[in-house]
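A look at the structure
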Amino acid sequence: MNIDVPLQVLHALCAAIYTGLAALILIQSRRSMLGLLLALACVTTAVWAGSVAWFGQSPQDSLPGWLVLARGVAWNGFLMMLYRRSLQVAQARTQLLVTLALLAGLLLAATPLVDWMSEELTAGFSFGLLLRMGIAIANILVIENLYFNSEEEDRWKLRLLCIPLGSIFVYDVVLYADAVLFHRVSPVLFVGRASLSIIVAPLIGLAVARKRVLDVHLFVSRSVVFQSASLVASG
C-alpha cells in the first residue's frame, strides 16, 4: 500500500489548519506573551507538517526530523509559561523554569549532532528518536502538573487544552517507542499522528475562543510532583 499520498495530503491539511489556528490565537490573545507563545507553537506545528508534506518519502530525515523536535520545544515553552503564570507563588521556581528552558534549547540545538553520532555509532537506532521521545515525555509531565495542581473549579477550563495536547504527546511517545523497539518508524503510526493533530485542533481553538482557559490558579501538590519525579527517574 502506498501511503505517500495520504501522508502528504494529511500533513498539508494539518499545516493549513494550524496556520489558521495561529491566526485565530493572534486575534483573540491581543498579542499577550502567552498568546504569542501559543501562536508560535501552532506555527511551528504548521511548518513541521508542511515540511513533511513537501519531503514526502523521508519525513524523519533532515529538516522534518529537526522541525518535529522544534515543535515539541515550542509547545513546552508555552506550557511552561502557562504553568509559571498560573502559580500563585512562582518566584521560588523561576530558576527551575529557566533551567528547563535552557535544557530544551540545548536539546534542540544538539539534535543534528546527535543524529550524526547515531548514524556513525549504531545501526538502525537513533538517539535522535530518544531526544524526541524525551521532549514528548517532558510535555506530558508539564500537562499533568498543570492539570492536577490546578484548583478544582479551574480544571474544567484546562480540559479543552490538556486533553488535545496530552493526546498529541502520548501519541508521540507511542510512535517513538515503537520506532526504537523495531528500529524503524511505522508508516501507519506516522500518518496517524497528522490525523490526530487535525482531530484535536478544534478543541485547542475552542479553548482559545473561551479565553478563560489561560486564567487559572495552581497549588503545588507534593504527590503529583513526586509521581512526576518518579516517572523521570524510572525512564
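As a reminder, the structure under discussion sits directly above these lines.
Quick summary incoming for the structure in this document. Note that the structure is a prediction, hence the values are computed from the model and not measured.

Parameters and conventions
- Residues numbered from 1 in each chain as written.
- Predicted model: local features only at pLDDT ≥ 70, side-chain atom pairs only at ≥ 80, totals over all residues.
- Heavy atoms only, no water.
- Salt bridge = Lys/Arg side-chain N within 4 Å of Asp/Glu carboxyl O.
- Helix = DSSP H or I, 4+ residues; strand = E, 2+ residues; numbered from the N terminus.
- Buried < 20%, exposed > 50% of the residue type's maximum accessible area, 1.4 Å probe, protein only.
- Phe/Tyr/Trp six-rings, centres within 6.5 Å; stacked < 30°, edge-to-face > 60°.
- Lys NZ or Arg CZ within 6 Å of the ring centre and 35° of its normal.
- Expected span 1.5 Å × (residues − 1).
- Core = buried A, V, L, I, M, F, W, Y, C linked by side-chain atoms within 4.5 Å.
- Axes fitted to C-alpha atoms, helices over the stretch in contact; angles between N-to-C directions.
- Parallel < 35°, antiparallel > 145°, perpendicular 65-115°, else oblique.
- Left-handed = near helix turned anticlockwise from the far one by under 90°.
- Nonpolar A, V, L, I, M, F, W, Y, C, P; charged D, E, K, R; others polar.
- Contact = heavy atoms within 4.5 Å.
- Polar contact = N/O pair within 3.5 Å; in protein donor to acceptor, adjacent residues only side chain to side chain.

Next up on the list: the pattern of salt bridges. A complete count under the given rule lists three salt bridges for this structure. One salt bridge connects Asp-172 with Arg-193, and the closest N-O pair in it is separated by 3.2 Å. Of this pair, Asp-172 sits in helix α6 (residues 155–182) while Arg-193 sits in helix α7 (residues 187–210), placing them 21 residues apart in sequence. For Arg-193, a relative accessible area of 1% translates into the label buried. The salt bridge partner of Arg-184 is Asp-178, with a shortest N-O separation of 3.0 Å. On the basis of relative accessibility, which here comes to 41%, the residue Arg-184 falls in the partly exposed class. Residue classification places Asp-178 among the buried residues on the basis of a relative accessible area of 17%. Here the salt bridges do not stand alone but share partners, grouping Arg-71, Asp-172 and Arg-193 into one network.

Looking now at the environment of Lys-157. Structurally, Lys-157 is set in helix α6. The spacing of Lys-157 and Tyr-147 is 10 residues in sequence and 9.6 Å in space, taken between C-alpha atoms.

Across all of its chains, the model carries two aromatic pairs by this definition. Each ring, one from Trp-75 and one from Phe-78, has its centre 6.2 Å from the other, and the planes form 80°; the classification is edge-to-face. Of the two residues, Trp-75 and Phe-78 are both situated in helix α3 (residues 62–86); the distance of three residues between them amounts to about one turn of the helix. Judged by its relative accessible area of 0%, Phe-78 falls in the buried class. A centroid spacing of 5.2 Å and a plane angle of 90° characterise the contact between Tyr-147 and Phe-148, whose relative ring orientation is edge-to-face. For Arg-71, the ring lying beneath its charged end belongs to Trp-48, and the centroid distance is 4.9 Å.

Right, let's talk about helix α2 (residues 33–55) for a bit. Two residues of an α-helix separated by three or four positions point the same way, owing to the 3.6 residues in each turn. With 23 residues, α2 extends 33 Å from end C-alpha to end C-alpha; this agrees with the ideal 33 Å at 1.5 Å per step. Among the residues trailing α2, Gly-56 stands out with phi positive, at a value near 65°.

What follows is about the nonpolar core. Generally speaking, soluble globular proteins have nonpolar side chains that are buried together. Ranked by size, the top nonpolar core spans 53 residues in total, and within it Tyr-18, Trp-75, Phe-78 and Leu-165 carry the most contacts. Residue assignment for this core shows that the elements contributing at least two residues are α1 (4–29), α2, α3, α5 (127–148), α6 and α7. At 11 residues, the largest contribution of residues to this core is made by α6.

It is the contact of α6 with α7, at a shortest axis distance of 9 Å, that shows an interaxial angle of 165°. Overall, the two elements α6 and α7 adopt an arrangement that is roughly antiparallel. Between α6 and α7 lies a crossing whose hand is left-handed. Its residues assigned to classes, the contact of α6 with α7 comprises 18 nonpolar, three polar and four charged.

This brings us to the side chain of Arg-71. On the secondary structure map, Arg-71 appears in helix α3. Once you skip the residues sitting within four places of it in the chain, Arg-71 turns out to touch Thr-44, Thr-45, Trp-48, Ile-168, Asp-172 and Arg-193.

To continue, consider the packing of α5 against α6. At their nearest, the axes of α5 and α6 sit 9 Å apart, and the two run at 155° to each other. Classified by the interaxial angle, the pair formed by α5 and α6 is roughly antiparallel. Once α5 is placed against α6, the crossing between them reads as left-handed.

Checked against the element boundaries, Thr-45 lands in helix α2. A distance of 2.9 Å separates polar atoms of two side chains, one belonging to Thr-45 and the other to Trp-75. Excluding its chain neighbours within four sequence positions, the residues that come into contact with Thr-45 are Tyr-18, Arg-71 and Trp-75.

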